[in-house]
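The residues making up each chain are set out below.
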Amino acid sequence: VPPPMQVFSIAGNTQKLDGGAMFGNCPKNLWEKWAPPDAQNRIDLACRAMLVREKSGRHVLFETGIGAFFEPKLRERFGVFEEEHVLLRSLAEVGVAPNDIDVVVLSHLHFDHAGGALSAYRAGEPFSLVFPRASWVVGARAWERAMHPHFRDRASFIPELQPLIEGTGRLEVIPDPTADGFATSKTLGDGYRFFVSEGHTPGLLLGSALETSHGPITFLGDLIPGVPWVHLPITMGYDRYPELLIEEKRRLLERVAANGEWVFYTHDPKTVASRVVRDDKGKFSATEPLDRLAWS
(Lines give C-alpha, C1' and ligand atoms only; values in the text may rest on other atoms or scores of the structure.)
Protein backbone atom coordinates (compact mmCIF):
# COMPACT_ATOMS: atom_id res chain seq x y z
CA VAL A 1 0.00 0.00 0.00
CA PRO A 2 1.59 3.36 -0.98
CA PRO A 3 2.06 5.90 1.80
CA PRO A 4 -0.44 8.75 1.97
CA MET A 5 2.19 11.37 1.10
CA GLN A 6 5.15 11.44 -1.25
CA VAL A 7 7.63 14.29 -0.66
CA PHE A 8 10.09 15.88 -3.08
CA SER A 9 12.64 18.69 -2.82
CA ILE A 10 12.14 21.12 -5.71
CA ALA A 11 15.00 23.40 -6.68
CA GLY A 12 14.18 27.01 -7.52
CA ASN A 13 16.27 29.95 -8.65
CA THR A 14 19.37 30.46 -6.53
CA GLN A 15 20.49 33.65 -4.85
CA LYS A 16 23.58 35.31 -3.39
CA LEU A 17 23.14 37.58 -0.36
CA ASP A 18 25.52 39.36 1.98
CA GLY A 19 26.89 36.87 4.50
CA GLY A 20 26.93 39.39 7.33
CA ALA A 21 23.22 40.07 6.86
CA MET A 22 22.46 36.35 6.77
CA PHE A 23 24.38 35.64 9.99
CA GLY A 24 23.47 38.70 12.05
CA ASN A 25 25.82 39.25 14.98
CA CYS A 26 27.84 36.08 14.33
CA PRO A 27 31.49 37.03 13.56
CA LYS A 28 32.64 36.53 9.99
CA ASN A 29 35.63 34.40 11.03
CA LEU A 30 33.07 31.88 12.28
CA TRP A 31 30.33 31.98 9.64
CA GLU A 32 32.71 31.96 6.67
CA LYS A 33 33.68 28.40 7.68
CA TRP A 34 30.07 27.34 7.10
CA ALA A 35 29.32 29.54 4.07
CA PRO A 36 32.40 30.78 2.19
CA PRO A 37 31.73 34.27 0.76
CA ASP A 38 32.64 35.58 -2.67
CA ALA A 39 34.65 38.77 -3.31
CA GLN A 40 31.53 40.87 -2.58
CA ASN A 41 30.97 39.08 0.75
CA ARG A 42 27.94 37.23 -0.65
CA ILE A 43 27.10 33.61 0.15
CA ASP A 44 25.28 31.01 -1.95
CA LEU A 45 21.66 30.39 -1.03
CA ALA A 46 19.06 28.02 -2.39
CA CYS A 47 15.42 29.05 -2.69
CA ARG A 48 13.81 25.62 -2.80
CA ALA A 49 10.30 24.35 -2.36
CA MET A 50 8.86 21.17 -0.85
CA LEU A 51 6.31 19.27 -2.91
CA VAL A 52 3.83 16.85 -1.33
CA ARG A 53 1.90 14.43 -3.53
CA GLU A 54 -0.96 13.00 -1.53
CA LYS A 55 -2.43 9.53 -2.00
CA SER A 56 -5.43 11.19 -3.65
CA GLY A 57 -3.12 12.73 -6.26
CA ARG A 58 -3.45 16.25 -4.88
CA HIS A 59 -0.23 18.28 -5.11
CA VAL A 60 0.69 20.68 -2.31
CA LEU A 61 3.65 23.04 -2.83
CA PHE A 62 5.32 24.59 0.21
CA GLU A 63 6.62 27.94 -1.04
CA THR A 64 7.72 28.93 -4.53
CA GLY A 65 11.24 30.30 -4.08
CA ILE A 66 12.39 33.61 -5.53
CA GLY A 67 11.43 32.85 -9.11
CA ALA A 68 12.44 35.00 -12.07
CA PHE A 69 10.15 38.03 -11.70
CA PHE A 70 12.91 40.62 -11.18
CA GLU A 71 13.86 42.97 -13.98
CA PRO A 72 17.56 42.59 -14.93
CA LYS A 73 18.86 45.43 -12.75
CA LEU A 74 17.14 44.11 -9.63
CA ARG A 75 18.09 40.54 -10.47
CA GLU A 76 21.73 41.60 -10.35
CA ARG A 77 21.23 43.57 -7.12
CA PHE A 78 19.70 40.60 -5.33
CA GLY A 79 22.12 38.02 -6.70
CA VAL A 80 19.67 36.05 -8.87
CA PHE A 81 21.50 34.84 -11.95
CA GLU A 82 19.16 32.43 -13.74
CA GLU A 83 16.77 34.13 -16.18
CA GLU A 84 14.50 31.09 -16.54
CA HIS A 85 11.92 30.10 -13.93
CA VAL A 86 13.92 27.20 -12.45
CA LEU A 87 11.11 26.04 -10.15
CA LEU A 88 8.90 25.16 -13.12
CA ARG A 89 11.67 23.11 -14.75
CA SER A 90 12.30 21.29 -11.45
CA LEU A 91 8.61 20.47 -11.09
CA ALA A 92 8.57 19.11 -14.63
CA GLU A 93 11.44 16.80 -13.72
CA VAL A 94 9.14 15.03 -11.22
CA GLY A 95 6.25 14.98 -13.67
CA VAL A 96 4.31 17.97 -12.33
CA ALA A 97 3.00 20.77 -14.55
CA PRO A 98 1.85 24.18 -13.25
CA ASN A 99 -1.78 23.11 -13.73
CA ASP A 100 -1.15 20.12 -11.45
CA ILE A 101 -0.48 22.25 -8.36
CA ASP A 102 -3.62 22.23 -6.21
CA VAL A 103 -2.45 24.15 -3.12
CA VAL A 104 0.42 26.56 -2.50
CA VAL A 105 1.43 27.20 1.12
CA LEU A 106 3.37 30.42 1.67
CA SER A 107 5.18 30.73 5.00
CA HIS A 108 5.24 34.49 4.35
CA LEU A 109 5.29 36.77 1.32
CA HIS A 110 8.89 38.03 1.18
CA PHE A 111 9.98 37.90 -2.44
CA ASP A 112 12.55 35.12 -1.97
CA HIS A 113 9.77 32.80 -0.76
CA ALA A 114 6.79 33.93 -2.84
CA GLY A 115 8.27 35.41 -6.02
CA GLY A 116 8.17 32.05 -7.77
CA ALA A 117 4.38 32.29 -7.79
CA LEU A 118 4.74 34.91 -10.54
CA SER A 119 5.55 34.54 -14.21
CA ALA A 120 9.09 35.34 -15.32
CA TYR A 121 9.93 38.96 -16.15
CA ARG A 122 9.04 40.11 -19.64
CA ALA A 123 9.52 43.80 -20.46
CA GLY A 124 6.17 45.55 -20.74
CA GLU A 125 4.11 42.49 -19.78
CA PRO A 126 2.03 42.28 -16.57
CA PHE A 127 2.68 39.51 -14.06
CA SER A 128 0.44 36.48 -13.84
CA LEU A 129 0.25 33.55 -11.42
CA VAL A 130 2.05 30.47 -12.73
CA PHE A 131 -0.22 28.05 -10.84
CA PRO A 132 -3.62 28.96 -12.27
CA ARG A 133 -5.69 26.31 -10.46
CA ALA A 134 -4.09 26.55 -7.03
CA SER A 135 -5.63 27.45 -3.73
CA TRP A 136 -3.41 29.59 -1.50
CA VAL A 137 -2.73 29.14 2.22
CA VAL A 138 -1.13 31.99 4.20
CA GLY A 139 -1.03 32.95 7.88
CA ALA A 140 -3.30 35.81 8.93
CA ARG A 141 -0.58 38.10 10.24
CA ALA A 142 1.80 37.25 7.39
CA TRP A 143 -0.92 38.32 4.96
CA GLU A 144 -1.59 41.50 6.93
CA ARG A 145 2.13 42.33 6.95
CA ALA A 146 2.31 41.92 3.18
CA MET A 147 -0.69 44.18 2.71
CA HIS A 148 0.62 46.80 5.15
CA PRO A 149 4.40 46.37 5.42
CA HIS A 150 6.67 48.16 7.85
CA PHE A 151 9.24 50.65 6.56
CA ARG A 152 11.95 48.16 7.56
CA ASP A 153 10.78 45.37 5.27
CA ARG A 154 8.47 46.89 2.67
CA ALA A 155 11.11 46.36 -0.05
CA SER A 156 10.84 42.63 0.69
CA PHE A 157 7.30 42.39 -0.70
CA ILE A 158 5.94 42.34 -4.26
CA PRO A 159 2.99 44.77 -4.49
CA GLU A 160 1.51 43.01 -7.53
CA LEU A 161 1.40 39.57 -5.88
CA GLN A 162 -1.24 39.93 -3.16
CA PRO A 163 -4.02 41.25 -5.48
CA LEU A 164 -3.41 38.39 -7.91
CA ILE A 165 -3.69 35.80 -5.13
CA GLU A 166 -6.77 37.44 -3.61
CA GLY A 167 -8.34 37.70 -7.05
CA THR A 168 -8.41 33.92 -7.46
CA GLY A 169 -11.06 33.64 -4.76
CA ARG A 170 -9.11 30.66 -3.41
CA LEU A 171 -7.16 32.26 -0.56
CA GLU A 172 -7.30 30.77 2.93
CA VAL A 173 -5.89 33.02 5.64
CA ILE A 174 -5.12 30.82 8.65
CA PRO A 175 -5.92 32.25 12.09
CA ASP A 176 -3.62 32.03 15.10
CA PRO A 177 -2.86 28.67 16.73
CA THR A 178 -5.20 26.99 19.16
CA ALA A 179 -4.32 26.17 22.78
CA ASP A 180 -2.09 23.25 21.73
CA GLY A 181 0.25 25.66 19.92
CA PHE A 182 -0.63 24.52 16.39
CA ALA A 183 -2.76 26.01 13.63
CA THR A 184 -4.68 23.99 11.04
CA SER A 185 -5.91 24.58 7.50
CA LYS A 186 -9.42 23.82 6.24
CA THR A 187 -8.01 23.62 2.73
CA LEU A 188 -5.38 21.03 3.64
CA GLY A 189 -7.12 19.06 6.36
CA ASP A 190 -5.87 16.71 9.06
CA GLY A 191 -2.64 15.60 7.40
CA TYR A 192 -0.96 18.91 8.19
CA ARG A 193 -0.28 21.15 11.17
CA PHE A 194 1.31 24.57 11.41
CA PHE A 195 3.72 26.21 13.84
CA VAL A 196 3.42 30.01 13.83
CA SER A 197 6.51 32.12 14.54
CA GLU A 198 6.98 35.86 15.13
CA GLY A 199 10.74 36.30 15.40
CA HIS A 200 11.56 36.67 11.70
CA THR A 201 8.35 38.30 10.49
CA PRO A 202 4.77 38.42 11.84
CA GLY A 203 2.81 35.20 11.46
CA LEU A 204 5.50 33.06 9.78
CA LEU A 205 3.64 29.85 8.91
CA LEU A 206 5.72 26.67 9.14
CA GLY A 207 3.86 23.62 7.91
CA SER A 208 4.39 19.97 8.78
CA ALA A 209 3.33 17.14 6.48
CA LEU A 210 2.45 14.41 8.97
CA GLU A 211 1.74 11.26 6.96
CA THR A 212 4.88 10.48 4.98
CA SER A 213 6.71 7.17 4.80
CA HIS A 214 9.41 8.68 7.04
CA GLY A 215 7.12 10.37 9.55
CA PRO A 216 6.43 14.11 9.96
CA ILE A 217 8.58 16.66 8.11
CA THR A 218 8.45 20.37 8.93
CA PHE A 219 9.18 23.13 6.43
CA LEU A 220 11.36 25.54 8.43
CA GLY A 221 11.20 28.62 6.20
CA ASP A 222 13.16 31.55 7.60
CA LEU A 223 13.00 30.39 11.21
CA ILE A 224 15.94 28.09 10.38
CA PRO A 225 17.04 28.80 6.79
CA GLY A 226 19.79 26.18 6.71
CA VAL A 227 21.98 23.85 8.75
CA PRO A 228 24.18 26.55 10.41
CA TRP A 229 21.09 28.21 11.88
CA VAL A 230 20.06 25.03 13.74
CA HIS A 231 22.53 26.19 16.40
CA LEU A 232 20.31 28.29 18.68
CA PRO A 233 22.38 31.53 18.92
CA ILE A 234 22.69 31.93 15.13
CA THR A 235 20.13 34.35 13.70
CA MET A 236 19.86 36.64 10.67
CA GLY A 237 20.19 40.39 10.49
CA TYR A 238 16.79 40.30 8.75
CA ASP A 239 15.05 38.88 11.86
CA ARG A 240 12.83 41.43 13.60
CA TYR A 241 13.09 39.91 17.10
CA PRO A 242 16.18 37.65 17.31
CA GLU A 243 15.77 36.72 20.98
CA LEU A 244 12.14 35.73 20.44
CA LEU A 245 13.17 33.77 17.35
CA ILE A 246 15.70 31.80 19.38
CA GLU A 247 13.00 30.80 21.87
CA GLU A 248 10.65 29.76 19.06
CA LYS A 249 13.45 27.80 17.42
CA ARG A 250 14.25 26.04 20.70
CA ARG A 251 10.62 25.06 21.21
CA LEU A 252 10.27 23.62 17.72
CA LEU A 253 13.61 21.79 17.76
CA GLU A 254 12.93 20.23 21.15
CA ARG A 255 9.84 18.56 19.71
CA VAL A 256 11.54 17.54 16.47
CA ALA A 257 14.57 16.06 18.25
CA ALA A 258 12.49 14.25 20.87
CA ASN A 259 10.26 12.63 18.24
CA GLY A 260 12.94 11.88 15.65
CA GLU A 261 11.14 14.00 13.06
CA TRP A 262 12.57 15.51 9.86
CA VAL A 263 13.05 19.16 8.94
CA PHE A 264 13.26 20.80 5.51
CA TYR A 265 15.58 23.71 4.68
CA THR A 266 14.64 26.24 2.01
CA HIS A 267 17.92 28.23 1.80
CA ASP A 268 20.72 25.75 2.52
CA PRO A 269 22.69 25.33 -0.73
CA LYS A 270 23.65 21.70 -0.04
CA THR A 271 21.32 20.11 2.54
CA VAL A 272 17.61 19.90 1.77
CA ALA A 273 16.52 18.01 4.90
CA SER A 274 17.83 16.36 8.05
CA ARG A 275 16.93 15.07 11.46
CA VAL A 276 17.98 17.05 14.53
CA VAL A 277 19.73 15.82 17.67
CA ARG A 278 20.45 17.51 20.99
CA ASP A 279 23.62 16.73 22.95
CA ASP A 280 23.99 16.54 26.74
CA LYS A 281 24.93 20.23 26.84
CA GLY A 282 21.69 21.21 25.11
CA LYS A 283 23.21 22.06 21.73
CA PHE A 284 21.13 21.17 18.68
CA SER A 285 22.74 19.99 15.46
CA ALA A 286 21.62 18.52 12.15
CA THR A 287 22.13 14.81 11.54
CA GLU A 288 21.42 12.43 8.64
CA PRO A 289 21.62 15.27 6.06
CA LEU A 290 20.03 14.70 2.65
CA ASP A 291 21.07 16.48 -0.55
CA ARG A 292 17.78 15.66 -2.25
CA LEU A 293 14.39 14.38 -1.22
CA ALA A 294 12.26 11.91 -3.16
CA TRP A 295 10.18 9.95 -0.65
CA SER A 296 7.64 7.62 -2.18
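The rules behind these values
- Residues numbered from 1 in each chain as written.
- Predicted model: local features only at pLDDT ≥ 70, side-chain atom pairs only at ≥ 80, totals over all residues.
- Heavy atoms only, no water.
- Helix = DSSP H or I, 4+ residues; strand = E, 2+ residues; numbered from the N terminus.
- Buried < 20%, exposed > 50% of the residue type's maximum accessible area, 1.4 Å probe, protein only.
- Contact = heavy atoms within 4.5 Å.
- Lys, Arg positive; Asp, Glu negative; His and termini not counted.
- Salt bridge = Lys/Arg side-chain N within 4 Å of Asp/Glu carboxyl O.
- Polar contact = N/O pair within 3.5 Å; in protein donor to acceptor, adjacent residues only side chain to side chain.
- 1 Å grid on protein atoms, 1.4 Å probe; cavity = no way out; pocket = protein on both sides within 12 Å on 5 of 7 lines; lining within 4 Å.
- Points joined across faces, edges and corners; volume = space filled by probe spheres on them.
- Nonpolar A, V, L, I, M, F, W, Y, C, P; charged D, E, K, R; others polar.
- Phe/Tyr/Trp six-rings, centres within 6.5 Å; stacked < 30°, edge-to-face > 60°.

A.B. asks: An account of the environment of phenylalanine 157 is requested, with residue identities and associated values reported.
C.D. replies: Counting through the fold element by element, phenylalanine 157 comes out in the loop between helix H6 (140-147) and helix H7 (161-167). According to the relative accessible area criterion, phenylalanine 157 is buried, its value standing at 8%. In this structure the C-alpha to C-alpha distance between phenylalanine 157 and tyrosine 121, which are 36 residues apart in sequence, comes to 16 Å. Among all residues touching phenylalanine 157, those that are not within four sequence positions of it are Leu109, His110, Arg145, Ala146 and Pro149.

A.B. asks: Now, about the side chain of arginine 48: what can you tell me, with residues and values included?
C.D. replies: Relative to the helices and strands, arginine 48 resides in the loop between strand E3 (42-45) and strand E4 (49-54). This buried residue, arginine 48, is left without a salt bridge; aspartate 268 holds the nearest opposite charge, at 5.7 Å. Within the structure, the side chain of arginine 48 is placed 2.8 Å from the backbone oxygen of tyrosine 265, a separation counted as a polar contact. For arginine 48, the side chain forms a polar contact with the main-chain oxygen of aspartate 268, separated by 2.7 Å.

A.B. asks: So what's going on with the layout of surface pockets? Residues and values would help.
C.D. replies: A volume near 490 Å³ is recorded for the largest pocket. Every residue lining the largest pocket is counted, 23 residues in all, and those nearest its centre are His110, Asp153, Ser156, His200 and Tyr238. Counting only elements with at least two residues in the lining of the largest pocket, the list comes to strand E2 (15-18) and helix H5 (111-114). Looking at the lining of the largest pocket residue by residue, the classes come out as 8 nonpolar, 8 polar and 7 charged. Of the pockets and cavities examined, the second largest pocket occupies roughly 300 Å³. Surrounding the second largest pocket, 20 residues form its lining, Ser9, Ile10, Ala11, Arg48 and Ser90 being those nearest its centre. Residue assignment for the lining of the second largest pocket shows that the elements contributing at least two residues are strand E1 (5-10), E3 and helix H4 (86-93). Taken together, the residues of the lining of the second largest pocket sort by class into 11 nonpolar, 4 polar and 5 charged.

A.B. asks: Any details on the packing of aromatic side chains? Residues and values, ideally.
C.D. replies: Scanning the model with the defined rule gives 13 aromatic pairs in all. Measuring from ring centre to ring centre gives 5.4 Å for phenylalanine 219 and phenylalanine 264, while their planes differ by 20 degrees; the resulting arrangement is stacked. Pair noted here: phenylalanine 219 is in strand E11 (residues 217-219) and phenylalanine 264 is in strand E12 (residues 262-264), with a separation of 45 residues, a long-range link. When its relative accessible area of 0% is taken as the criterion, phenylalanine 264 is described as buried. Clustering of aromatic rings is evident, with ring pairs tying together Phe69, Phe70, Phe78, Phe111 and Phe127.

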